[in-house]
Amino acid sequence: MAQLTFTPEQVQRYARHLILPEVGGAGQRKLLGTSVLLLGAGGLGSPAAMYLAAAGVGRIGVVDFDDVDASNLQRQILHGTDDLGRPKVDSAADTIRSLNPDVEVVKHRLHLNSENALEVFRQYDLVIDGTDNFPTRYLANDAAYFTGKPLVYGAIYRFEGQLSIFEPAGGTGCYRCLFPNPPPPGAVPSCAEAGVFGVLPGIIGSMMAFETIKYVLGIGEPLVGRLLIFEGMDMSFRRLNLRRNPDCPLCGDDPSVTGLIDYEQFCGLPAQEPSAVPAALARQ
Ligand SMILES: [Zn+2]
């Protein structure tokens, strides 16, 4: 239940929100009463988690099974050099708590799969997909659909990024409406193989936090039913309208996906190392 009054520390901490008419006391209380599940404490998840924590989102669940590796530090700003070798969920929790003690961090150190995804998703109001491998992306899309949770989707590849919100209840389409099935094994290079410009996830991940907070507050026009495409090399943004695809295998008129699927075994990508969505971008 959302708290009704602010402590003097909270009045100071959230002062710049409280004076914004679009947020105010009611909005800030709403944020403090909101729970968000973050899939991946990596490149996208790092800035998203930090801005959500700073904004006072009351409960943040972090799903990640990896340990912090030196090659992560070029972009995964939740983690520092002293965290090398630590589980990312531990490093993430420490960073979030030092940023804002109002935030309860729930650590889910696990590989998201068809066995556990629904149970974890049900514990939160909204899910942010900060992973960037296809098995988890499809699993997250389907689990969000089956649990009726809004899914904030972001993806990056080299110098390009995408952003959207899939809202099962709104009938505005899902990731499978765009890309019905995962690419064949080996067709898509991982992030490690393709490279990623370090600040790019900072931009897309920050916008994921921006859209999440807008969505929670019910202000502005969230990217529901729209796909934002960012091209970093010429700093351009494009916006495409999305529609529910009647042939979508998940949310279409005659769905063939009626339960969660573990794609790991034949997708050809490691489930944990951040990769990307080049096929998604290439097919735009
Ligand atoms: Zn769909």
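Up top you'll find the structure we're talking about.
Quick caveat, the model's predicted, so the values are computed rather than measured. (Residues numbered from 1 in each chain as written. Predicted model: local features only at pLDDT ≥ 70, side-chain atom pairs only at ≥ 80, totals over all residues. Heavy atoms only, no water.)

Chemist: Can you walk me through the overall build of the protein chain in this structure?
Modeler: Scanning the protein chain from N- to C-terminus turns up 12 helices and eight strands. Residues counted as buried form 54% of the 284 residues belonging to the protein chain. Total accessible area computed for the protein chain in this model is approximately 12100 Å², and 53% of it derives from carbon and sulfur atoms. (Helix = DSSP H or I, 4+ residues; strand = E, 2+ residues; numbered from the N terminus. Buried < 20%, exposed > 50% of the residue type's maximum accessible area, 1.4 Å probe, protein only. Areas by Shrake-Rupley, 256 points an atom, 1.4 Å probe, with all protein chains shown as cover.)

Chemist: Teacher, can you tell me more about the coordination of the zinc ion here?
Modeler: Between any two of four tetrahedral donors, the ideal angle at the metal is 109.5 degrees; between two of six octahedral donors, it is 90 or 180 degrees. With distances of 2.3 Å, the protein atoms coordinating the zinc ion are Cys 174 (SG), Cys 177 (SG), Cys 248 (SG) and Cys 251 (SG). Coordination at the zinc ion comes from four donor atoms whose angles at the metal span 91 to 124°, giving a geometry best classed as tetrahedral. Going along the chain, you hit the donors of the zinc ion in the pattern C-x2-C-x70-C-x2-C. In this pair, Cys 177 sits in helix 8 (residues 175–178) while Cys 251 sits in the loop between strand 8 (236–241) and helix 11 (264–267), placing the two residues 74 residues apart along the sequence. (Donors = N, O, S within 2.8 Å, 3.2 Å for Na, K, Ca; no water. Tetrahedral: all angles 85-135°; square planar, octahedral: opposite > 155°, others 65-115°.)

Chemist: I'm lost on the packing of helix 4 (residues 45–55) against helix 5 (residues 88–99) in this one. Help?
Modeler: Each pair of packed helices can be summarised by the angle the axes make with each other and by the distance between the axes. Across the interface, helix 4 lies against helix 5 with an axial gap of 9 Å and an inter-helix angle of 30°. Between helix 4 and helix 5, the angle falls in the class roughly parallel. Judged by the twist between their axes, the crossing of helix 4 over helix 5 is right-handed. On the side of helix 4, the interface is formed by Ala 49, Met 50, Ala 53 and Ala 54, while helix 5 contributes Thr 95, Ile 96 and Leu 99. For the contact of helix 4 with helix 5, a count of residues per class yields six nonpolar, one polar and no charged. (Axes fitted to C-alpha atoms, helices over the stretch in contact; angles between N-to-C directions. Parallel < 35°, antiparallel > 145°, perpendicular 65-115°, else oblique. Left-handed = near helix turned anticlockwise from the far one by under 90°. Contact = heavy atoms within 4.5 Å. Nonpolar A, V, L, I, M, F, W, Y, C, P; charged D, E, K, R; others polar.)

Chemist: Can you walk me through the packing of helix 4 against helix 10 (residues 200–217) in this structure?
Modeler: One way to put it is that helix 4 packs onto helix 10 with a least axis distance of 7 Å and a crossing angle of 40°. Put simply, helix 4 runs oblique to helix 10. Note on packing geometry: the crossing formed by helix 4 with helix 10 is right-handed. On the side of helix 4, the interface is formed by Pro 47, Ala 48, Tyr 51, Leu 52 and Ala 55, while helix 10 contributes Pro 201, Gly 202, Gly 205, Ser 206, Ala 209, Thr 212 and Ile 213.

Chemist: How do you make sense of the pairing of strand 3 (residues 104–108) when you look at a structure like this?
Modeler: Within a regular strand, the side chains alternate between the two sheet faces. Where strand 2 (residues 59–63) and strand 3 come together, five bridges link them in parallel fashion. Bridging across to strand 3, Val 62 finds its partner in Lys 107. As for the winding sense of the linkage, the β-α-β connection from strand 2 through helix 5 to strand 3 is right-handed. (Pairing = 2+ DSSP bridges. Right-handed = clockwise from strand over helix to strand, strands pointing away.)

Chemist: Sorry, what's going on with helix 10 here?
Modeler: Two residues of an α-helix separated by three or four positions point the same way, owing to the 3.6 residues in each turn. Between the first and last C-alpha of helix 10 there are 26 Å, a value that for 18 residues agrees with the 26 Å anticipated at 1.5 Å per step. Directly beyond the C-terminal end of helix 10, a positive phi value near 70° is found at Gly 218. (Expected span 1.5 Å × (residues − 1).)

Chemist: Looking at this model, I keep getting lost on the pairing of strand 7 (residues 226–231). Mind explaining?
Modeler: For strand 7, the buried fraction is high: five of the six residues fall into the buried class. Examined bridge by bridge, strand 6 (residues 160–166) and strand 7 share four bridges and lie antiparallel to one another. Within strand 7, the residue paired with Leu 163 across the bridge is Leu 228. Sheet analysis places strand 7 next to strand 8, joined by six bridges and oriented antiparallel.

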